[in-house]
2 protein chains.
Amino acid sequence: MGKVRTSAFTVSIDGFGAAPNQSLENPFGEGGMILPTWYLGTRTFRAMFGQDGGGTGLDDDFARKSMENVGAWILGRNMFGPVRGPWPDHSWKGWWGDTPPYHTPVFVLTHHARPDLEMQGGTTFHFVTDGIEAALRRAREVAHGKDIRVGGGVSVVRQFLQAGLLDELHVAQSPVLLGAGENLFAGLDLPRLGYQVVTHVASPNATHLTFARRS
Amino acid sequence: MGKVRTSAFTVSIDGFGAAPNQSLENPFGEGGMILPTWYLGTRTFRAMFGQDGGGTGLDDDFARKSMENVGAWILGRNMFGPVRGPWPDHSWKGWWGDTPPYHTPVFVLTHHARPDLEMQGGTTFHFVTDGIEAALRRAREVAHGKDIRVGGGVSVVRQFLQAGLLDELHVAQSPVLLGAGENLFAGLDLPRLGYQVVTHVASPNATHLTFARRS
């Protein structure tokens, strides 16, 4: 059975995974686009959108591994888009255009039901209204034994950590201070939840930390 | 005029500078002695206590620079010792034996007055009961234009950050999770207080981050 994991999840030095006031113009909140700089420059990221070039090395190694062996994704609704409350219509289809970079089933956690949305390239968005355990169960059914990747955002990763459902968490800490936003660590006692640090390496752009849960 | 700075201040990945329950046996709190591992192995640290050996390289560079050009220190009372409340007597003389590694005046912030305490090797402890600004003023008077080093602990560094009195903060982030304790960053909006990241490098033992205040 595959792992349940979060990978390539960027936080600031002060622990924020997103800045305040997410919107269509600011998917990471105001000023938050500085967070994933390490990732946007990688060969792996560029290739996802059909572009050549980009960096190789440590950052790219983590970016590439984050995409390997993923059988299904789970996303919070704010990672899917900036729409809040009931869906006004079905016109919003994610941040990623017609061909999202998932190429697997993607389970979007929301309080508001919506029909499945099939995109090009193998991505289908399923909208799950009954919580993380239901989403995980449905993801397992379609992942063919591969990993389930919990993409974020912060509150979804925290829910998985608190429930002890995440086997592994790779955090890339960007060398920036945000000062406000959604904090990944605040109020979470990760050692008590069974997590410990297993890797710690740095590139000029980020410190890469992997936490695993003692089984 | 010298800088006011905190250097070689260790925090966990989740932002804790000390674990809970400091005591005579656990100066960094229970389980907190894992924090300064990067520092304890350096040549600089060993030399402070008259020992040979120890590592050179990045960690030692930061350890060494942290000690250079310091004209006076400011410490919170808990960094001076585990005694709480009024001093029962004057027998506690710090964690460091007869010859503390400061070799300068050291201003200890406390609510309880106590006579100056002159130690061997040039260290004199002065007990300051009227707050950080008074301590800083007195430190300036005796520092001969050298830097004032704010040694910690967490609450003292936070007070200096909040007051905008710290010019520079070097944090060594140890690759450990503590889960609880005194958090350096919680509730502080460092960018708003004028701080930004100026250096970011890592050794196998720590990620070294330097923050400076825009002047």
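Residues numbered from 1 in each chain as written. Chains lettered and ligands numbered in written order. Predicted model: local features only at pLDDT ≥ 70, side-chain atom pairs only at ≥ 80, totals over all residues. Heavy atoms only, no water.

### Observations concerning the overall build of chain A
- A tally of regular secondary structure across chain A gives 6 helices and 11 strands.
- By the compact-globule yardstick of 17 Å for 215 residues, chain A fits well, its C-alpha radius of gyration being 16 Å.
- Projected onto the principal axes, the alpha-carbon positions of chain A cover approximately 40 × 40 × 35 Å.
- Of all intrachain contacts in chain A linking residues separated by at least 6 positions in sequence, the fraction that spans at least 24 positions is 63%.
- Accessible area of chain A: about 9400 Å², with a carbon and sulfur share of 50%. (Helix = DSSP H or I, 4+ residues; strand = E, 2+ residues; numbered from the N terminus. Rg over C-alpha atoms; globule rule 2.2 N^0.38 Å. Contact = heavy atoms within 4.5 Å. Areas by Shrake-Rupley, 256 points an atom, 1.4 Å probe, with all protein chains shown as cover.)

### Observations regarding the packing of aromatic side chains
- Tallied over the entire structure, the rule returns 28 aromatic pairs over all chains.
- Note on Tyr 102 of chain A and Phe 125 of chain A: the rings are 6.4 Å apart at their centroids and 75° apart in plane angle, and the pair reads as edge-to-face. Of this pair, Tyr 102 of chain A sits in the loop between helix 4 (77–80) and strand 4 (105–109) while Phe 125 of chain A sits in strand 6 (residues 124–128), placing them 23 residues apart in sequence. Like Tyr 102 of chain A, the residue Phe 125 of chain A is buried in the burial classification.
- Ring geometry for Phe 45 of chain B versus Phe 49 of chain B: centroids 5.3 Å apart, planes at 55°, classification tilted.
- Phe 45 of chain B gets classed as partly exposed once you look at its relative accessible area, which sits at 21%.
- Judged by its relative accessible area of 35%, Phe 49 of chain B falls in the partly exposed class. (Phe/Tyr/Trp six-rings, centres within 6.5 Å; stacked < 30°, edge-to-face > 60°. Buried < 20%, exposed > 50% of the residue type's maximum accessible area, 1.4 Å probe, protein only.)

### Observations concerning the relation of the copies chain A and chain B
- With an RMSD of 0.0 Å, the fit of chain A onto chain B corresponds to turning through 180° and sliding 0.0 Å along the axis. Taken together, the rotation and translation relating the two chain copies correspond to the operation of a two-fold axis. Residue Ala 202 of chain A of chain A places its C-alpha closer to the rotation axis than any other residue of that unit, at 2.9 Å.
- Taken together, the interface assignments show that 100% of the residues at the interface of chain A recur at the interface of chain B, consistent with an identical surface on both copies. (Least-squares fit on C-alpha atoms with pLDDT ≥ 70 in both.)

### Describing the UniProt feature "domain: Bacterial bifunctional deaminase-reductase C-terminal" (unreviewed entry) in chain A
- Per the UniProt entry, the sites bearing "domain: Bacterial bifunctional deaminase-reductase C-terminal" (unreviewed entry) are residues 7–202 of chain A in this numbering.
- This span, residues 7–202 of chain A, is 22% helix and 25% strand, and a straight line between its end C-alpha atoms measures 15 Å. (UniProt positions renumbered as here; feature names shortened; annotations may be inferred.)

### What about the interface of chain A and chain B?
- Listed by partner, the interface residues are 26 residues for chain A and 26 residues for chain B.
- Three residues stand out in chain A for area buried against chain B, namely Ile 13, Leu 177 and His 200 of chain A, and they jointly supply 33% of the buried area on that side.
- Put simply, chain A and chain B have 0 salt bridges between them.
- On inspection of chain A and its partner chain B, the count reaches 4 residue pairs in polar contact (both at pLDDT 80 or more).
- Mapped onto the side of chain A that touches chain B, the elements with two or more residues apiece are strand 10 (195–202) and strand 11 (207–213) of chain A.
- Top element by residues in the side of chain A that touches chain B is strand 10 of chain A. It accounts for 5 residues.
- A breakdown of the residues in the side of chain A that touches chain B according to their chemical character gives 17 nonpolar, 7 polar and 2 charged. (Buried area = accessible area lost by both parts, 1.4 Å probe. Salt bridge = Lys/Arg side-chain N within 4 Å of Asp/Glu carboxyl O. Polar contact = N/O pair within 3.5 Å; in protein donor to acceptor, adjacent residues only side chain to side chain. Nonpolar A, V, L, I, M, F, W, Y, C, P; charged D, E, K, R; others polar.)

### Notes on the side chain of Ser 203 of chain B
- Structurally, Ser 203 of chain B is set in the loop between strand 10 (195–202) and strand 11 (207–213).
- Side chain to side chain, Ser 203 of chain B and Asp 59 of chain B meet in a polar contact 2.7 Å long.
- If near-sequence neighbours (up to four positions away) are discounted, Ser 203 of chain B is found in contact with His 200 of chain A together with Leu 58, Asp 59 and His 208 of chain B.

### Overview of the sheet that holds strand 6 (residues 124–128) of chain B
All names here are of chain B.
- Pairing within the open sheet is mixed, and its 9 strands lie in the order 5-6-4-3-7-1-8-11-10. This sheet does not close on itself; its edge strands, each paired only once, are strand 5 (117–118) and strand 10.
- Inspection of the sheet shows strand 3 (residues 70–76) paired to strand 7 (residues 147–152) by 5 bridges, in the parallel sense. From the neighbouring strand, Trp 73 faces strand 7, where its bridge partner is Arg 149. (Pairing = 2+ DSSP bridges.)

### Observations concerning the pairing of strand 8 (residues 168–173) of chain A
All names here are of chain A.
- Of all the 6 residues making up strand 8, 6 are buried; the element is thus mostly covered by neighbouring parts of the structure.
- Residues of strand 8 alternate between two faces, with Glu 168, His 170 and Ala 172 on one and Leu 169, Val 171 and Gln 173 on the opposite face, all of them buried.
- Here strand 1 (residues 4–11) pairs with strand 8 via 5 bridges, running parallel. For Thr 10, the partnering residue across the bridge sits in strand 8 and is Ala 172.

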